[in-house]
Amino acid sequence: STFVNPTACGRPYHVTMGEEQSVTVIKPCSLADISLDVDADRDGIVERNNPNKASWKWGPNGHGAILLVNCDCENCIQVLRYAIVMADLKDMSKMILRTRGPAVLPEGYKLSLHISRSHAESVRVFRTSGKPQAECQDYPLVLNKEQLAGEVPYVGGDSQQELFVEGIRFPDKDFDGLITINLSLLEPSGQGFPETPIYTDKVMFRVAPWIMTPNTLKPVEVFVCSTSDNYDFLKAIKSLVQSSGYKLKICHEYMNRGDRWMQDEIEFGYIDSPHQRIPVVLDSPRDRGLEDFPYDVLLGPDFGYVTRYPVNERVSSLDSFGNLEVSPPVTVNGKKYPLGRIIIGVAFPTTAHGRNMTKVIQDFLWAQKVQEPIALYSDWLVVGHVDEFMTFVPAPDRKGFRLLLASPDAGYKLFRSLQVKGHGRAKLFQGEYWQVEEISVDELMSNEEFRAENIYVQNCIDWNRDILKKELGLDDEDIIDLPILFKVFPKKNKRAAAYYPDMVNMLVLGKNLGIPKPFGPQVQGTCVLEAEMRSLLEPLGLNCTFIDDFASYHKLQGEVHCGSNVHREPFEFQWWNLEQ
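The model shown is predicted, which means the values in this text are computed figures rather than measured ones.

Draft legend 1. Inspection of the overall build of the protein at higher detail. Helix and strand counts for the protein come out as 11 helices and 37 strands. C-alpha extents for the protein along the principal axes are approximately 105 × 55 × 45 Å. Carbon and sulfur atoms make up 48% of the accessible area of the protein, which amounts to about 25,400 Å² in all. Averaging the positions of the 61 positive and the 78 negative side-chain charges in the protein gives two centres separated by 2 Å.

Draft legend 2. Looking closely at the packing of aromatic side chains. Counted according to the given criterion, the structure contains 24 aromatic pairs. For the ring pair Trp 575 and Trp 576, a centre distance of 5.6 Å and an interplane angle of 85° mean the geometry is edge-to-face. For the pair Trp 575 and Trp 576, one class covers both residues: buried. In textbook terms, an aromatic cluster arises when at least three aromatic residues are bridged by ring pairs, as seen for Phe 415, Phe 429, Phe 450, Tyr 499, Tyr 500, Phe 519 and Phe 550. One Lys or Arg, Arg 42, reaches over the ring of Trp 56 and ends 4.2 Å from the middle of that ring. For the cation-ring pair, Arg 451 lies above Tyr 412, with the distance from its terminal atom to the ring centre recorded as 4.2 Å.

Draft legend 3. Broad picture of the pattern of salt bridges. Evaluated as defined, the whole model comprises 34 salt bridges. Put simply, Asp 478 and Lys 399 hold a salt bridge, and the shortest N to O gap is 2.7 Å. Placement of the pair is Asp 478 in the loop between helix H10 (448-472) and strand E29 (479-483) and Lys 399 in the loop between strand E25 (390-394) and strand E26 (401-407), with a sequence separation of 79 residues. On the accessibility criterion, Lys 399 (32% relative accessible area) is partly exposed.

Draft legend 4. Main features of the confidence of the model for the protein. Here the protein shows a mean pLDDT of 90. Residues at 70 or above account for 90%. In the predicted structure, residues 1-32 sits below a pLDDT of 50 and forms 58 contacts with residues beyond four places in sequence or in another chain.

Draft legend 5. A look at unusual backbone geometry. Located in the positive-phi region is Asn 49, a residue other than glycine, with phi close to 50°. Topologically, Asn 49 is positioned in the loop between strand E4 (33-37) and strand E5 (65-67). Taking the relative accessible area as the measure of exposure, Asn 49 reaches 38% and is therefore partly exposed. A positive phi is found at Arg 257, a non-glycine position, where the angle reads about 50°. Within the element layout of this structure, Arg 257 appears in the loop between helix H4 (253-256) and helix H5 (262-265).

Draft legend 6. Representation of the packing of helix H8 (residues 408-420) against H10. Between H8 and H10, the least distance of the axes is 8 Å, while the angle of their chain directions is 135°. Relative to H10, the element H8 lies oblique. Where H8 abuts H10, its residues Pro 408, Asp 409 and Tyr 412 lie against Phe 450, Arg 451, Asn 454, Val 457, Gln 458 and Ile 461. Across the contact of H8 with H10, the residue classes break down as 5 nonpolar, 2 polar and 2 charged.

Draft legend 7. View of the sheet that holds strand E13 (residues 196-207). An order of E5-E13-E12-E7-E10 is seen for the 5 strands of this open sheet, with the pairing classed as mixed. Sheet topology places E5 and strand E10 (149-152) at the edges, where each strand pairs with a single neighbour. Strand-to-strand, the axes of this sheet are offset by a mean angle of 35°, without reference to chain direction. Of the pairings in the sheet, the one linking strand E12 (residues 178-187) to E13 comprises 10 bridges and is antiparallel in character. Residue Glu 187 lies in a different strand from E13, and its bridge partner there is Thr 196.

Draft legend 8. Summary view of the nonpolar core. In this structure, Met 95, Leu 113, Ile 181, Leu 365 and Trp 575 are the most contacted members of the largest nonpolar core, which totals 67 residues. For Met 95, the residues in contact, after removing those within four places along its chain, are Leu 36, Asp 37, Val 38, Leu 113, Val 125, Gln 161, Glu 162, Leu 163, Val 165, Ile 181, Val 203 and Phe 205.

Draft legend 9. Spotlight on the environment of Lys 494. With respect to the helices, strands and loops of the structure, Lys 494 is situated in the loop between strand E30 (486-489) and strand E31 (495-498). Taking the C-alpha atoms as reference points, Lys 494 and Phe 389, 105 residues apart in sequence, are found 17 Å from one another. Not counting residues within four places of it along the chain, the set of residues in contact with Lys 494 comprises Trp 380, Tyr 456, Val 488 and Phe 489.

Draft legend 10. Structural detail: the side chain of Asp 272. Relative to the assigned elements, Asp 272 resides in strand E17 (residues 266-272). For Asp 272, a relative accessible area of 3% gives the class buried. In terms of polar contacts, Asp 272 uses its side chain to reach the side chain of Arg 277, at 3.1 Å. Beyond its immediate chain neighbours, meaning those up to four positions away, Asp 272 contacts Ile 66, Leu 68, Ala 208, Arg 277, Gln 574, Trp 575 and Trp 576.

Draft legend 11. Quick peek at the sheet that holds strand E33 (residues 512-516). Read from one edge to the other, the open sheet built from 3 strands follows the order E32-E33-E36, with strand pairing classed as mixed. Each edge of the open sheet is held by one strand with a lone partner, namely strand E32 (507-509) and strand E36 (543-547). The sheet shows a mean angle of 20° between the axes of neighbouring strands, taken without regard to direction. Pairing of E32 with E33, which is carried by 3 bridges, proceeds in the antiparallel orientation. Bridge pairing in E33 links Val 508 to Leu 513.

Rules and cut-offs
Residues numbered from 1 in each chain as written. Predicted model: local features only at pLDDT ≥ 70, side-chain atom pairs only at ≥ 80, totals over all residues. Heavy atoms only, no water. Helix = DSSP H or I, 4+ residues; strand = E, 2+ residues; numbered from the N terminus. Areas by Shrake-Rupley, 256 points an atom, 1.4 Å probe, with all protein chains shown as cover. Lys, Arg positive; Asp, Glu negative; His and termini not counted. Charge placed at Lys NZ, Arg CZ, Asp CG, Glu CD. Phe/Tyr/Trp six-rings, centres within 6.5 Å; stacked < 30°, edge-to-face > 60°. Buried < 20%, exposed > 50% of the residue type's maximum accessible area, 1.4 Å probe, protein only. Lys NZ or Arg CZ within 6 Å of the ring centre and 35° of its normal. Salt bridge = Lys/Arg side-chain N within 4 Å of Asp/Glu carboxyl O. pLDDT = per-residue confidence, 0-100. Contact = heavy atoms within 4.5 Å. Axes fitted to C-alpha atoms, helices over the stretch in contact; angles between N-to-C directions. Parallel < 35°, antiparallel > 145°, perpendicular 65-115°, else oblique. Nonpolar A, V, L, I, M, F, W, Y, C, P; charged D, E, K, R; others polar. Pairing = 2+ DSSP bridges. Core = buried A, V, L, I, M, F, W, Y, C linked by side-chain atoms within 4.5 Å. Polar contact = N/O pair within 3.5 Å; in protein donor to acceptor, adjacent residues only side chain to side chain.

In structure tokens form, the structure reads like this:
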């Protein structure tokens, strides 16, 4: 038998009376309908009772609400533990409690939001207070890691109440990004007993991942440091950026404290949702002179900040973000990577004591899921960064880009052709300004030890070339080999660095490239290395500007890319439409 109260909400429960007897009773809750709703179909509208609101599915036909980490800095940041301000609301995901029923609940009945302890570490929920003036105190905190359950007022009648949800953790090794929030109607159980739920509704969010931006996306602003010895470099960068039509931000000495390696300190990216998109800078754990720059200068309203720092691992040069790159979008064996793939450098697999990017950084990158990382072998380099032997430039054909790789073989081929043409006496490093001994092409080519070193370097690069071809789905026609020679240093564990300015370590601003000036051999007043670069890149519609970074960067084992950084526009593709 079923006993129904005329005013019941229709939520049955089962009472067992014997082996073959049972009664299904509808508990009288005096409410017609209770619904906790989110934007489950990702259209910016919080619809009522979407059937998929409590689950998540990737893809263009997927579903599930999206949550941003509140990692920017609003005016009321110091009280965010307890309340929010209007500026924060646009970053948060809206959640709506909808009810249809009587003006008040029966005595002792109440509505409660609640969350598991594991999920509460990653989220905070606020509600509107109903006050006419929206100030900080008008959005009380309902849930956080210290408050796993909180009562929400029942407004009565046919009504709705807005709640606001913010993420406080990015996906990571111990957090898959999924968060479930529950709403229960509680009834009194009798004096001295806690209330018990008679109806529960739930919703699910996925925290938006941090997304890197590749060279092929349009620049927004270029960042570079000013130091006591880089005036000419800074002047050349400023000219290139202004002529390209972009903004330049100079970090002066009082902020950089003599640290010129802007690329190594930070990596620009963003987070995205149907209701809001925010640039977010990832701060490396290297923490040298630029340590305070991302937090003090970049973090602000609508510009987020995130960092990871190892507790039980030693930070090495491989944790600097010249060792963190991302490819343009690719398709590999039918699998699409519309946001590209992250690229990092690590130790060679058979090296027992090589340097590696710390596990906490790698775990963070893998956990974002949308730009599946590729590990290359970069520990063979003195500095150990992938940007020392590779980069990407835009192209009008094929896959929309080219992979540029440093190539000692291409360098030797070019210099041999000079000898054949009778230019063996042409010299590299001409002039006394750089305090580097001039050397002729003939002298360079006759140095057997130097040749052996570059054979080793070419083998290292070829190893990485094979990985990149496989993991990015590239053909040889998608790769351009740049003529760059390297020098191996026995006192630095036989690791290598570019012999002359490393032309692959360039600044990419749309079709305009800022390339380290190589100071190669001159033929009829033209640098042969510069001419070769132009012949390789200008057919792609790219413009080559050669920047003198020899004294202020190259001699310190860095180049143009190491000393600059670019905040770029985000992808048009929305990450939640990715097929997993």
